[in-house]
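# Residue-level structural notes
Residues per chain, in single letters:
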Amino acid sequence: MAERSRFRGLAIGLGVTAATAAAVVAAQRTAVRRLRGRPDPGASEDLTELPPEDLGPVRSFDGTELHVRAAGPKDAPVLLFLHGFSLDMTTWHYQWKAFSDRYRCVLVDHRAHGRSGRPASGDYSLVAMGKDIETVLRLSAGDGPVILVGHSMGGMAILSFVQQFPEEFSRRVAGVVFTDTAASDVLREVFGGLGARLGWALRRAGTRYSDRPELAERLQKRVRKFGADLTFLVGWATNFGPGASPSHVEHVSRISADAPVEVWVHTLRDITEIDLRDVLEHIMVPSLVVVGDRDLITPKTSAQAMRAALPDATAVVITGAGHVSMLERHRVFNEVMERFLAKVFARSRAAAGRA
């Protein structure tokens, strides 16, 4: 009798667990159907379209092959676009399409991201990405004035570039656009006091997976088993505001899910450890700091701290946008950037005239 009771209890427990799991899956599917069924103004855009000119592969300092593309007049001022963590150059779709009639738009996939190669040296750090920026500027961006435009990790890579090549800011770089980015303490900004504990846990996990890459690959496969629906929901919750276009969410979620496991292990750990706040005061050129008011990853407090530390900066908050404001609210973003570009290049022309 006791044995039968134990089996009955086990059966009931398994039944409850299965029912709970089924309910969670059903709720997930319902939420995804509702979100995907919303009006989708971005559906008509081919977000996978690449700028027409293939300038690569560009070989960086350690032999890493960087995928670089361009659009626009070769004799025009240059806008160098640098994307965020686990993404690629296609997140700048609306910018290169809008600005390439007047500017030379150069876009790069960071090392191990998008179509760029994985570093043979095993260096996935922001320091290496700063050197990559110097390589692209030297080999693929002509000789005229440049404005650097970085999103999230791309903005941090710009700070690494400033730290290593400060002379470029007196020679070529005329301005910087920081989009939904931070200079340090990314986890603390997101999780408050828990950030330090999460950073410790991430470093410990990163060390474990660095030593055992097969474990990281196994973990990534398990995450992917949850399916596109869960990836879509997580992407919406973490990167976008409530009114986002489903097509934008799908695009960003798909790119991020396809990022190599080394990016999630090595680069993410470096982002959470590095502190580049001291670099900000050395950026003497005009800067634009843009942040979405629904950005949960690098919130307004990050933008405010950067604005306060930069010698010559303007800060703009885009209403209703999450962490990918240049994609989600691209019309507003482009208007803000247009005004900044006009001001910076007018100042650059005036300085050249006085020289």
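Residues numbered from 1 in each chain as written. Predicted model: local features only at pLDDT ≥ 70, side-chain atom pairs only at ≥ 80, totals over all residues. Heavy atoms only, no water.

## Overview of the packing of aromatic side chains
Which entries qualify depends on this criterion: For Phe, Tyr and Trp, where Trp contributes only its six-membered ring, two rings pair if their centres lie within 6.5 Å, and the inter-plane angle classes them as stacked under 30 degrees, edge-to-face over 60, or tilted in between. Think of it in three bands: with a 1.4 Å probe and only protein chains considered, a residue is buried below 20% of the maximum accessible area for its type, exposed above 50%, and partly exposed in between. Put simply, a charge is over a ring when the Lys NZ or the Arg CZ is close to the ring centre, within 6 Å, and near the line of the ring normal, within 35 degrees.
Enumeration over the complete set of coordinates arrives at seven aromatic pairs. For the ring pair F99 and Y103, a centre distance of 6.3 Å and an interplane angle of 65 degrees mean the geometry is edge-to-face. Residue classification places Y103 among the buried positions, given a relative accessible area of 9%. The ring of F61 carries K131 above its face, with NZ or CZ at 4.8 Å from the centroid.

## Some words on the side chain of T64
How we decide: Note on conventions: DSSP H or I runs of at least 4 residues are helices, E runs of at least 2 residues are strands, and numbering of each starts at the N terminus. For the purposes of these results, a polar contact is taken to be a pair of N or O atoms within 3.5 Å, where, inside protein, one atom must be able to donate a hydrogen and its partner to accept one; residues adjacent in sequence count only when each atom of the pair is a side-chain atom.
Tracing the chain through its elements places T64 in the loop between β2 (58-59) and β3 (65-66). There is a polar contact of 2.8 Å between the side chain of T64 and the side chain of D62.

## Observations concerning the layout of surface pockets
What counts is decided by this rule: A pocket here means an open set of points on a 1 Å grid, computed over the protein atoms alone, that has protein on both sides within 12 Å along at least five of seven lines. A cavity is instead a set of points where a 1.4 Å probe fits but cannot get out; residues with an atom within 4 Å of a point line either one. Grid points are joined across faces, edges and corners, and a volume is the space filled by probe spheres set on the points.
What the second largest pocket holds in volume is close to 250 Å³. Around the second largest pocket sit 15 residues that line it, and F169, V173, A174, V285 and S348 are the ones nearest its centre. Only α5 (168-171), β8 (173-179) and α14 (330-354) provide two or more residues apiece to the lining of the second largest pocket. No other element matches the four residues that α14 contributes to the lining of the second largest pocket.

## Examining the pattern of salt bridges
The condition is simple: Salt bridges, as used here, are contacts in which a Lys or Arg side-chain nitrogen is within 4 Å of a carboxyl oxygen on Asp or Glu.
Applying the stated criterion to the full structure yields 15 salt bridges. Residue E338 pairs with R102 through a salt bridge whose shortest N-O separation is 2.4 Å. Note that E338 is positioned in helix α14 and R102 in the loop between α2 (93-99) and β6 (104-108), a separation of 236 residues in sequence. Look at E338 and you get partly exposed, because its relative accessible area is 27%. Given the relative accessible area of 35%, R102 is considered partly exposed. The closest approach of N and O atoms between R115 and D109, which form a salt bridge, is 3.5 Å. The class for R115 is partly exposed, based on a relative accessible area of 39%.

## Description of the sheet that holds strand β10 (residues 313-318)
Strands pair in a sheet through their backbones, by hydrogen bonds, and they do so in one of two ways: parallel or antiparallel. This is how it is decided: Note: two strands are recorded as paired if DSSP finds a minimum of 2 bridges between them. Any two residues whose heavy atoms approach within 4.5 Å are treated as being in contact. Axes here mean lines fitted to C-alpha atoms, for a helix over just the part in contact, with angles spanning 0 to 180 degrees between N-to-C directions.
Pairing in this open sheet of eight strands is mixed, and the strands run β1-β4-β6-β5-β7-β8-β9-β10 from one edge to the other. Each edge of the sheet is formed by a strand with only one pairing partner; in this case those strands are β1 (53-54) and β10. Pairing analysis gives four bridges linking strand β4 (residues 68-71) to β6, with the strands arranged antiparallel. When the sheet's bridge partners are listed, A70 is paired in β6 with V106. Against the sheet, helix α3 (residues 126-140) contacts β4, β5 (78-82), β6 and β7 (146-151), and its axis sits at roughly 150 degrees relative to β5.

## Brief notes about the confidence of the model for the protein
The cut-off we apply is this: One number per residue, pLDDT, summarises how confident the predictor is, and it ranges from 0 to 100.
With 75% of its residues at a pLDDT of 70 or more, the protein has an overall mean of 82. In this model, residues 189-203 is a region of pLDDT below 50 whose contacts with residues beyond four sequence positions or in other chains number 20 contacts.

## A look at the side chain of E262
Here E262 is to be found in helix α11 (residues 261-273). Classification of E262 as buried rests on a relative accessible area of 18%. When neighbours within four sequence positions are excluded, E262 is seen to be in contact with R118, Y124 and T267.

## What to know about empty space enclosed by the protein
Our working rule: Three categories are distinguished: nonpolar for Ala, Val, Leu, Ile, Met, Phe, Trp, Tyr, Cys and Pro, charged for Asp, Glu, Lys and Arg, and polar for the others, with Gly belonging to the last.
Taken as a whole and judged by the stated rule, the model has one cavity of 30 Å³ or more. Size it by volume and the largest cavity reaches roughly 40 Å³. Every residue along the wall of the largest cavity is listed here: L66, L82, V108, D109, H110, R111, M129, D132 and I133. With three residues, the single largest contributor to the lining of the largest cavity is α3. When its residues are assigned to classes, the lining of the largest cavity shows five nonpolar, one polar and three charged.

## Describing helix α10 (residues 246-257)
Put simply, the rule is: Multiplying one less than the number of residues by 1.5 Å gives the expected span of a helix.
Helix length check: α10, at twelve residues, gives a terminal C-alpha distance of 16 Å against a target of 16 Å (1.5 Å per residue), a fit within 8%. What α10 keeps buried is the set P246, H248, V249, H251, V252, S253, I255 and S256.

## Comments concerning the nonpolar core
So the rule is basically this: In these notes, a set of buried Ala, Val, Leu, Ile, Met, Phe, Trp, Tyr and Cys residues joined through side-chain atoms within 4.5 Å is what counts as a nonpolar core.
Of all hydrophobic cores here, the largest spans 47 residues; its most connected members are L80, L148, F169, F178 and I283. Among the elements that line this core, the one with the most residues is helix α4 (residues 153-164), at seven residues. What L148 contacts, discounting residues up to four positions off in sequence, is L80, L137, I158, F161, F169, V173, G175, V176 and V177. Among the nonpolar cores identified, the runner-up in size contains 38 residues, and C105, V149, W236 and F345 belong to it.

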